[in-house]
Amino acid sequence: MKDTLILAIESSCDETAAAVVKNGRTVLSNVISSQIDIHTLYGGVVPEIASRKHTERVNQVVTEGLKQAGVGLEDVDAIAVTYGPGLVGALLVGVSFAKGLAFASGKPLVGVHHIEGHICANFIDHPELEPPFPCLVVSGGHTHLVRVQDYGKYEILGRTRDDAAGEAFDKVARAIGLGYPGGPKIDKVSDEGDPDAIVFPRAKVGDSVYDFSFSGLKSAVLNYLNSCKMQGIEVNRADVAASFQKAVVDVLTDHAMTALDEGGEKVFAIAGGVASNRHLRAAFEEKCNARGIKFYRPAPILCTDNAAMIGAAGYYEFMRGVRSDYSLNAVPNLKLGER
Amino acid sequence: MNIIAIDSTGMTASVAICCDGRITGVYSITHKKTHSETLLPMLDEVKRMTEFDLGLADAIAVAAGPGSFTGLRIGAATAKGIAQALDIPIIPVPTLDAMAYQFCGTDRVVCPMMDARHSQVYSGIYAFDETAALEVLSENRAVDAAEQVEAAAGFAKNRGTGIVFLGDGADAYKDLIKDLMKEKTDVSYIFAPAHRNTQDAGCVAVLGEILFGQGKAVTADAFAPEYLRPSQAERVRNEKCDEKK
């Protein structure tokens, strides 16, 4: 059978990315131009600046993606692009560019859901992984526990009611003076801390066993810091980081294990930026092993926002016959499984 | 020479194809600001109706700013995608220059204004010389509407002529303009008629061809819109840095 090549473009937040993916599973190139240095000056992503930088870099990134894959635009079978969820101005750059590229090259266009991309990152380098399986998506903007029923078919089991897990990491990191981005910094500092030093709450959402809530945890950390300050007690940042992180990891793993017990699957996957957190990976590894469940996680480079995952998701959409027309718009709050 | 032209800088979305100095198709919509959904379908329609072979396009002219930040980027990113696929250059055409060019040949001073909010307009002041070439009297800037009206009146008075005001900025500050001009009895002024009051990709194409001849085309990669204003976050940060100094 002839190989199917997807050129994928991603610009939903602060990474401008392009990739070429073969048959949904093999990455021929994965180019990511990060803007993190600029946004660090502002303590978080500034949407207008992100949009401007995407516009400046998109041609270079796509050219490099094709070059590293050793193919030309004429060799690709379709162009896949993230159209939501994300920052609307940032998404619009990738979407408009991809549409122009598709229009002028005559190639089919496939709009891809960013979170589906994160989930499909697990297909890369894992040829044996096939649906159905439950998957936990954790990132700066998302916390979803989903059951992947089939390619392109998702059942949402639970989601966060307030902050995303990654958002809580960023806010706590800022509060203890670690700065932005919070996830990797807390992950690192935690190595030197005692995860049982402080007991932070593990929130349960009353009417749903699978939903998450992280704003209470974040407030508990802030209250703790405040009371230490009032009492003149010196805060051990590493202990706070490790204890906070453990609370997040406990909730995420508990919910996922409940879903696995319920569904009876022998396979589980995680995805998203927070999925590269070493403590989270280790906790899942341990719990899955104890239950005889095969645990999948993407390589760290595929956990962060990237276009290879969009190419993987785009491939399965393309093979299912999904085509977007030239009126494709950016949808900042696109829901999973919605088209 | 064949040029594809795009303007999505304001409320109007406009596309045109210009073949060997003839505008074969132009399509403009001033309705809702949904350029992301309409701009490319419009261009596709013009392409099909004029049976234009994209492979014959030599360049793509884009209204490069100022304008709505999002609108600018939709036009810019679309053009960058098309230019990359066709391996052709982009001709950045200043939005206000193209708007002024609608009055090519007039003796009056031309003052296009785009509503830039915060009681400001994006505006430039123009005139045409005896060869009908566009002359920039005042560079594009974000400026208080009243200040720009005074500036335009000053140029008109010196040149012994009147003014044409156009654009959605002129619409937004029509009463202000009338009030200010009432005191300037020696300078006549008109507001552009509706068919010349909005952005028009035909003008972008024609002016684009002139700029192309002047070597002003750039690669798809090198092209970036001219916003005239930094982002809000940068403004605040710069102010803070200035305070510290």
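Because the structure is predicted, anything quoted here is derived from the model rather than measured.

J.: Hey, could you run me through the overall build of chain A in this one?
T.: Looking only at helices and strands, chain A has 11 helices and 10 strands in total. In terms of overall size, chain A behaves like a compact globule, its C-alpha atoms giving a radius of gyration of 20 Å where 339 residues would be expected to give roughly 20 Å. Considering only C-alpha atoms, chain A reaches an extent of 65 × 45 × 35 Å along its principal axes. Within chain A, the fraction of its 339 residues that count as buried is 55%. When contacts within chain A are restricted to residue pairs at least 6 apart in sequence, long-range pairs at least 24 apart make up 75% of them.

J.: Whenever I open this one, the pairing of strand 6 (residues 133-138) of chain A confuses me. Can you help?
T.: Moving residue by residue along a regular strand, the side chains alternate between the two faces of the sheet. Residue and element names in this part refer to chain A. When you tally the buried positions in strand 6, you get six out of six residues, the bulk of the element. Bridge count between strand 6 and strand 7 (residues 143-150): six bridges; the pairing is antiparallel. Paired with Val137 across the two strands is His144, which belongs to strand 7. A loop of four residues connects strand 6 with strand 7, the two strands running antiparallel in sequence. Taken together, the three bridges between strand 6 and strand 9 (residues 267-271) define a ladder with parallel strand orientation. Pairing of Val137 across the sheet is with Ala271, part of strand 9.

J.: Any chance you could explain the packing of helix 5 (residues 165-175) of chain A against helix 7 (residues 215-231) of chain A here in plain terms?
T.: When two helices pack together, their arrangement is given by the angle between the helix axes and the distance between those axes. All names here are of chain A. The geometry of helix 5 relative to helix 7 is characterised by a closest axis approach of 10 Å and an angle of 5° between their N-to-C directions. Comparing the axis directions of helix 5 and helix 7 gives the class roughly parallel. Residues Ala168, Lys171, Val172 and Ala175 of helix 5 lie in contact with helix 7, whose contacting residues are Leu217, Lys218, Val221, Leu222 and Leu225.

J.: Would you mind showing me how to read helix 5 of chain A here?
T.: Note that an α-helix has 3.6 residues per turn; residues three or four places apart therefore point the same way. All names here are of chain A. The buried fraction of helix 5 amounts to eight of the 11 residues, a majority that puts the element mostly inside the structure. Packed against the buried residues of helix 5 are strand 6, strand 7, helix 6 (182-190), helix 7 and helix 8 (237-263). Where helix 5 terminates, the next one or two residues include Gly177, which has phi positive at roughly 75°.

J.: Any chance you could explain the nonpolar core here in plain terms?
T.: One recurring pattern in soluble globular proteins: nonpolar side chains tend to sit buried together. Judged by nonpolar contacts, the single largest core of 188 residues is most densely connected at Ala8 of chain A together with Ala5, Ile60 and Val204 of chain B. Those residues in contact with Ala5 of chain B that sit more than four places away from it in its chain are Val15, Ala16, Cys18, Ala61, Ala201, Val204, Ala205 and Gly208 of chain B.

J.: Just to check I follow, could you spell out the sheet that holds strand 9 (residues 163-166) of chain B for this structure?
T.: The strands making up a sheet associate through backbone hydrogen bonding, with each pair oriented either parallel or antiparallel. Residue and element names in this part refer to chain B. Spatially, the five strands line up as an open sheet ordered 8-7-6-9-10, and their pairing is mixed. Every other strand in the sheet has two partners, leaving strand 8 (134-144) and strand 10 (189-191) as the edge strands with one partner each. Ignoring strand direction, the axes of neighbouring strands in this sheet form an average angle of 20°. Here strand 7 (residues 120-128) pairs with strand 8 via eight bridges, running antiparallel. Looking at strand 8, one finds that Tyr122 is bridged to Ala142.

J.: Explanation requested: unusual backbone geometry in the structure shown.
T.: Outside of glycine, negative phi angles account for most residues, and trans bonds account for most peptide bonds. In this structure, Pro85 of chain A follows Gly84 of chain A across a cis peptide bond, with omega equal to -10°. Locating Pro85 of chain A in the fold gives a position in the loop between strand 4 (78-84) and helix 3 (88-105). Put simply, Pro131 of chain A and Pro132 of chain A share a cis peptide bond, and its omega is 5°. Relative to the helices and strands, Pro132 of chain A resides in the loop between helix 4 (114-120) and strand 6. The phi angle at Asp87 of chain B is positive, at roughly 55°, despite the residue not being glycine. Checked against the element boundaries, Asp87 of chain B lands in the loop between helix 2 (69-86) and strand 5 (90-93). Despite not being glycine, Arg117 of chain B shows a phi value in the positive range, around 60°. Note on placement: Arg117 of chain B falls in the loop between strand 6 (109-115) and strand 7.

J.: What exactly am I supposed to notice about the interface of chain B and chain A here?
T.: As a measure of interface size, the accessible area lost when the parts come together is often cited. Each partner contributes residues to the interface: chain B has 29 residues there, and chain A has 29 residues. Per element, the largest residue contribution to the side of chain B that touches chain A is 14 residues, and it comes from helix 2 of chain B. In terms of residue class, the side of chain B that touches chain A is built from 15 nonpolar, seven polar and seven charged.

J.: Help me understand the domain arrangement of chain A in this model?
T.: Residue and element names in this part refer to chain A. The domain boundaries assigned to chain A delineate domain 1 (5-121 + 302-319) and domain 2 (131-297). The C-alpha centroid of domain 2 is placed 27 Å from the C-alpha centroid of domain 1. Counting residues at the interface gives 12 residues for domain 1, matched by 16 residues for domain 2. Secondary structure elements with two or more residues in the side of domain 1 that touches domain 2: helix 1 (36-40), helix 4 and helix 11 (308-319). Element by element, the count of residues in the side of domain 1 that touches domain 2 is highest for helix 4, at three residues. Residue classes in the side of domain 1 that touches domain 2 are distributed as six nonpolar, five polar and one charged.

Here is what the cut-offs are and how they apply
- Residues numbered from 1 in each chain as written.
- Chains lettered and ligands numbered in written order.
- Predicted model: local features only at pLDDT ≥ 70, side-chain atom pairs only at ≥ 80, totals over all residues.
- Helix = DSSP H or I, 4+ residues; strand = E, 2+ residues; numbered from the N terminus.
- Rg over C-alpha atoms; globule rule 2.2 N^0.38 Å.
- Buried ≥ 20, exposed ≤ 12 C-beta atoms within 10 Å, placed from the backbone.
- Contact = placed C-beta atoms within 7 Å.
- Pairing = 2+ DSSP bridges.
- Axes fitted to C-alpha atoms, helices over the stretch in contact; angles between N-to-C directions.
- Parallel < 35°, antiparallel > 145°, perpendicular 65-115°, else oblique.
- Core = buried A, V, L, I, M, F, W, Y, C linked by C-beta atoms within 7 Å.
- Nonpolar A, V, L, I, M, F, W, Y, C, P; charged D, E, K, R; others polar.
- Domains from an automatic or database assignment.

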